[in-house]
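Geometric and topological summary
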Amino acid sequence: MNPFALLQADSVAEASAAAKDVRLSVLKAGGMDLLDLMKEGIAEPTQLVNLRTVRDPALRTIEAGRIGALATLADIARSDAVRASAPVIAKCAASAATPQVRNVATAGGNLLQRPRCWYFRNEQFNCLKKGGSTCYAVDGENRYHAVFGPGPCHIVHPSNLAVALLACDGVVSLAGGERATLPIAKLFHMPDRGIRDESNLEPGEVITSIAYSPAPVSGFFVVKERQSFDWPLTMAAVALKLDGRRIASARVCAGAVAPVPWSLPLVEKALQGVALDDEAALRAACAKSIDGAEPMRDNAYKLKLLPVAIRRAIADAAGAKEGQ
Amino acid sequence: MTPSQHDPVPPRTHGSDAVPGTPADRSAVGPRGVSRRSFISTLGASGAAAALGGQAEARLAAPIEDGPVVLGPEPVEVALTINGRAVKTKLDPATTLLDALRLNLQMTGSKEVCDRGSCGGCSVLVDGRLVASCMMLALDAVGHDITTIEGLAQGDTLDPIQEAFVRYDAFQCGFCTPGMIMACKALLNETPKPTMEQIRKGLSGNICRCGAYTNVFSAVLEASDQAVPVDQPVPADHTDGGGA
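These numbers come from a predicted model, not from an experiment. (Residues numbered from 1 in each chain as written. Chains lettered and ligands numbered in written order. Predicted model: local features only at pLDDT ≥ 70, side-chain atom pairs only at ≥ 80, totals over all residues. Heavy atoms only, no water.)

**Concerning the environment of Asp278(A)**
All names here are of chain A. By secondary structure assignment, the location of Asp 278 is in the loop between α10 (265-271) and α11 (279-287). With relative accessibility at 33%, the residue Asp 278 sits in the partly exposed group. Sequence separation between Asp 278 and Asn 122 is 156 residues, and the spatial gap between their C-alpha atoms is 47 Å. (Helix = DSSP H or I, 4+ residues; strand = E, 2+ residues; numbered from the N terminus. Buried < 20%, exposed > 50% of the residue type's maximum accessible area, 1.4 Å probe, protein only.)

**Regarding the domain arrangement of chain B**
All names here are of chain B. Assigned domains within chain B: domain 1 (26-149) and domain 2 (160-223). Each side of the interface is counted separately: domain 1 has 16 residues, and domain 2 has 14 residues. Taken as a group, Lys 111, Leu 130 and Ile 149 account for 39% of the area that domain 1 buries against domain 2, more than any other trio of residues on that side. The interface formed by domain 1 and domain 2 includes 1 salt bridge. Note that Glu 190 is salt-bridged to Arg 129, the shortest N-O span being 3.2 Å. Seen at the junction of domain 1 and domain 2, the total is 4 residue pairs in polar contact (both at pLDDT 80 or more). Residue assignment for the side of domain 1 that touches domain 2 shows that the elements contributing at least two residues are β4 (123-126) and β5 (129-132). Among the residues making up the side of domain 1 that touches domain 2, the classes are represented as 5 nonpolar, 8 polar and 3 charged. (Domains from an automatic or database assignment. Contact = heavy atoms within 4.5 Å. Buried area = accessible area lost by both parts, 1.4 Å probe. Salt bridge = Lys/Arg side-chain N within 4 Å of Asp/Glu carboxyl O. Polar contact = N/O pair within 3.5 Å; in protein donor to acceptor, adjacent residues only side chain to side chain. Nonpolar A, V, L, I, M, F, W, Y, C, P; charged D, E, K, R; others polar.)

**Quick notes on the packing of aromatic side chains**
Under the definition given, this model contains 7 aromatic pairs over all chains. With centroids separated by 4.8 Å and ring planes inclined at 25°, the aromatic side chains of Phe148(A) and Trp262(A) adopt a geometry described as stacked. Of this pair, Phe148(A) sits in the loop between α8 (136-139) and α9 (160-167) while Trp262(A) sits in strand β12 (residues 262-263), and the two are 114 residues apart along the sequence. Note on Phe148(A): relative accessible area 3%, which makes it buried. By the ring-pair criterion, three or more aromatic residues cluster together here, those being Tyr119(A), Phe125(A) and Tyr136(A). The ring of Phe175(B) has Lys111(B) sitting right over it, with the charged end atom 5.8 Å from the ring centre. (Phe/Tyr/Trp six-rings, centres within 6.5 Å; stacked < 30°, edge-to-face > 60°. Lys NZ or Arg CZ within 6 Å of the ring centre and 35° of its normal.)

**Considering the sheet that holds strand β7 (residues 181-183) of chain A**
For sheets, the rule is that strands pair by backbone hydrogen bonds, running either parallel or antiparallel. Residue and element names in this part refer to chain A. Taken in spatial order, the 5 strands of this open sheet run β4-β5-β8-β6-β7, and their pairing is antiparallel. Two strands in the sheet have a free side with no partner beyond their single neighbour: β4 (62-63) and β7. Relative to strand β8 (residues 206-211), strand β6 (residues 171-175) is paired through 5 bridges, and the arrangement is antiparallel. Bridge pairing in β8 links Ala 175 to Val 206. (Pairing = 2+ DSSP bridges.)

Right under this line is the structure:
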């Protein structure tokens, strides 16, 4: 890592001011992703603004419907309030990474981690995200890349938690800028609307908490190459509203398939009114998830995984309902 | 690059930045305009530790409240609490907890393997929770209780999980073992009688390239007073001096 100064922020306002005013300074929460980027030579900030030193307990509080931005993934995973109000969020947090990472990585940092594209993460490739003129994934190794979106960069969004929060209509609370809130659905942009970064936050805007709508009938399914510590090949998060055994309405979102957490409105519409035991109708609805996909050379397999992941996430959600 | 080349923060006016009774370290009041750095260095290690940990007492003790605390990039004095002992050292903010342990403090039990938080070789406990010390800044560990592999045994008496590792031959080359044992320790602290599924999840951040997992799982079962499945290896009898 390059040498840097560490500003031990006392308040969010202090952190925000420092992040806004100081060129090459970067906000740090748990630091799991930032230190990785710095060790790889991808980020070289000269000042880290430490949010860990902000003692405001609200930043770490978890309650039904709201998660403090400095709550760790482990805190979220073991929170009874989250598990009851939105099992999909707790399960997503519990399935991410390893105990070592979950004990340190924060909710806010998880949302704002940089993509895992191996060309972006490798200092040797001056890809579009780093100011270069080429997306090396286009003609290169693209089995883990996006199957949705026009490019020109083909990352998949790295945060599973963001997908679960999107399914629960999550809204981040912000401090330090003009806006007080921003829906998760508007927190990230596609590469054609800005390639160097992924979020729509302004310099100095700090996520302080994330609110979500209760989704007691919600579920999650992730397909990985290894069932241990691994990144998803494809994942799905669903939040259902049931009318007896029928789906009154559904929120269906996918991860690891697009540069942003991916909403699937066609699937949501097709699921309306479908009975939970109507296998044919459920499968038909899930099959709509791949409409509009444009796989790359090596990742068309994701189009087979995605409908299955959604179907299993629906089953997981229905199971959560029956477990109550 | 040096931070000063990139520092557009206008220098603050520090007419009264000297700690009473101490000479102000003017050299530390660079273009960053932060002088509390010098204040901290004059406090000595314990004061620095308190200030770094953001302790309220340190704030009350601080005579200067004219800006944020900025540490480094030069080395600063810190006090870490490791295995119940306060240990002082001097390190720059880019020093990870693992490097502080291994390079500054010669505590080489925690291993550097991947250096990216992916393998678990550097695992330690911070306030009882398992962390990858290679991905935590040493300064972020100030004010917290750090437990390393060196802190598990009490004198010549091994921790029960260490005993179980010996009995079940839960290692081959041994390089992952300190981190693996710390992960087992964290797991057993949080889940005194883990199921096999919980053991697998709890150790999912620790990679053993020799493939000693099965014996590790057995060791965890035994250390938690649970039956070890019969198809697992029988513990070696280390009481008769053995052979070879």
